[in-house]
Amino acid sequence: MEMARKVILDVDPGVDDALALSFALFHPGLDVVAVTAVGGNCSPAQATRNMQAIVEGLDPPRLPRMGAASESEADSGRPAEGRGLYGPDGLGGADLPVAERQHMLPAEKVICDQVRAAPDAITIVALGPLTNIARAFQRDPELPSLVGRVVIAGGAVAVSGNYTAAAEFNIHCDPVAAQAVFRSASTKTLIPLDVTNRITLSYDLFNQLPDESTRVGALLRKILPSAFRGYRQRFGIEGIHVHDTITLMAVLYPELFMAQEMAGNVETMGELTTGMTVFDRRRIPSRQYNMEVAMDLEKEKVIEKIIRGLNSAAGREEASAE
Ligand code: RIB
Ligand code: CA
């Protein structure tokens, strides 16, 4: 059997992030060495709390290191509840229990330590604003070349944004950080809205989830209704997008995604365009290609993998009780 891929999951939970965590923490193809929190869907303090509650509640076979979110300058211009798509606490008021914790290192320190401990072997899966990744790169300037790959949920190439007309939420939250990561010497894959918007999960999802008696099933059944509510109210659709989970699928099953090399940048100011991702798609771009960008996916196969993965995650819960 192939060796499990070492990943750090950087999350701003967020129902979408919680779904991705439920999937990843039990997947035999992934060795989740750390989970780090960042403000986005909710405040940094709430994101840390949510991350801890989700990881502890799911109680995976191998407990990852955890890194705490800290306030960033980018947070100051944003409402405290972040996007508010999943309610002010990011999880639809789920109020998950969390154990007291003595001490959690800052997210960027955990990222630096883990990458240094396994040079070239770690994939950072960035499922929230890029604040922590940019800070880690700033803290340790050699880090970009020591990371195996950074896979980013965010941006939009040829479709409109999902937070403003021009910008996708994760990039919009901290465009300066996103620009720094885009410009860094790391190997990057971007999973933009162009692909993640192609999948809408309907209410039928509830018939396909693991049942209430499992930890994964109980968590998802508790928090997913708020996502459906958010999408109905905010976007007028009877279904949800799962950008973060699809990004994780691109890490596990790259063969189901069609990607191309591009020269990508981020607009950091602009009255209407802050956080917009800009790709030079001219025949001869003025800048070098700096990332691989997924532009299409095998929709039905990806959906099937998501549902199957969640059910096997629930099936594997027992292992962690031993
Ligand atoms: O734009 C997609 C992002 O925003 C995802 O990371 C998800 O968490 C959502 O809130
Ligand atoms: Ca997210």
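Cut-off values and rules
Residues numbered from 1 in each chain as written. Chains lettered and ligands numbered in written order. Predicted model: local features only at pLDDT ≥ 70, side-chain atom pairs only at ≥ 80, totals over all residues. Heavy atoms only, no water. Phe/Tyr/Trp six-rings, centres within 6.5 Å; stacked < 30°, edge-to-face > 60°. Helix = DSSP H or I, 4+ residues; strand = E, 2+ residues; numbered from the N terminus. Buried < 20%, exposed > 50% of the residue type's maximum accessible area, 1.4 Å probe, protein only. Donors = N, O, S within 2.8 Å, 3.2 Å for Na, K, Ca; no water. Salt bridge = Lys/Arg side-chain N within 4 Å of Asp/Glu carboxyl O.

Asker: Could you clarify how one ought to interpret the packing of aromatic side chains in this entry?
Answerer: Where two aromatic rings form a pair, the distance of their centres and the angle of their planes describe that pair. Per the counting criterion, the structure on display carries four aromatic pairs. For the pair Phe206 and Phe228, a centre-to-centre distance of 5.4 Å together with 45° between the ring planes defines the contact as tilted. Placement of Phe206 in helix H10 (residues 205-208) and of Phe228 in helix H11 (residues 215-235) is noted, with a sequence separation of 22 residues between them. Per residue, the accessibility class of Phe206 equals that of Phe228, and both read buried. Ring geometry for Tyr231 versus Phe235: centroids 5.2 Å apart, planes at 45°, classification tilted. Of the two residues, Tyr231 and Phe235 are both situated in helix H11; the distance of four residues between them amounts to about one turn of the helix. Residue class for Tyr231 comes out buried when judged on its relative accessible area of 1%. Residue class for Phe235 comes out partly exposed when judged on its relative accessible area of 32%. By way of ring pairs, the aromatic residues Tyr203, Phe206 and Phe228 are connected into one cluster.

Asker: Please explain the coordination of the calcium ion (ligand 2) as it appears in this structure.
Answerer: Four donors placed tetrahedrally around a metal ideally meet at 109.5 degrees, and six donors placed octahedrally ideally meet at 90 or 180 degrees. Taken together, Asp12 (OD), Asp17 (OD), Asp17 (OD), Leu127 (O) and Asp244 (OD) make up the full set of protein donors to the calcium ion (ligand 2), lying 2.3 to 2.6 Å away. Residue classification places Asp244 among the buried residues on the basis of a relative accessible area of 4%.

Asker: Would you mind showing me how to read the pattern of salt bridges here?
Answerer: Side-chain pairing between opposite charges can occur once the charged atoms of the two side chains come close. Applying the stated criterion across every chain yields a total of 10 salt bridges. Arg62 is paired through a salt bridge with Asp31; the nearest N and O atoms lie 2.2 Å apart. Taken as a pair, Arg62 in the loop between helix H2 (44-58) and strand E3 (65-67) and Asp31 in strand E2 (residues 30-37) lie far apart in primary sequence, 31 residues in all. We classify Asp31 as buried; its relative accessible area is 16%. A salt bridge links Arg116 to Glu142; the nearest nitrogen and oxygen atoms lie 3.3 Å apart. With Arg116 in helix H4 (residues 107-117) and Glu142 in the loop between helix H5 (131-139) and helix H6 (143-146), this pair connects stretches of sequence that are 26 residues apart. Linked by salt bridges that have partners in common, Lys6, Asp31 and Arg62 make up one network.

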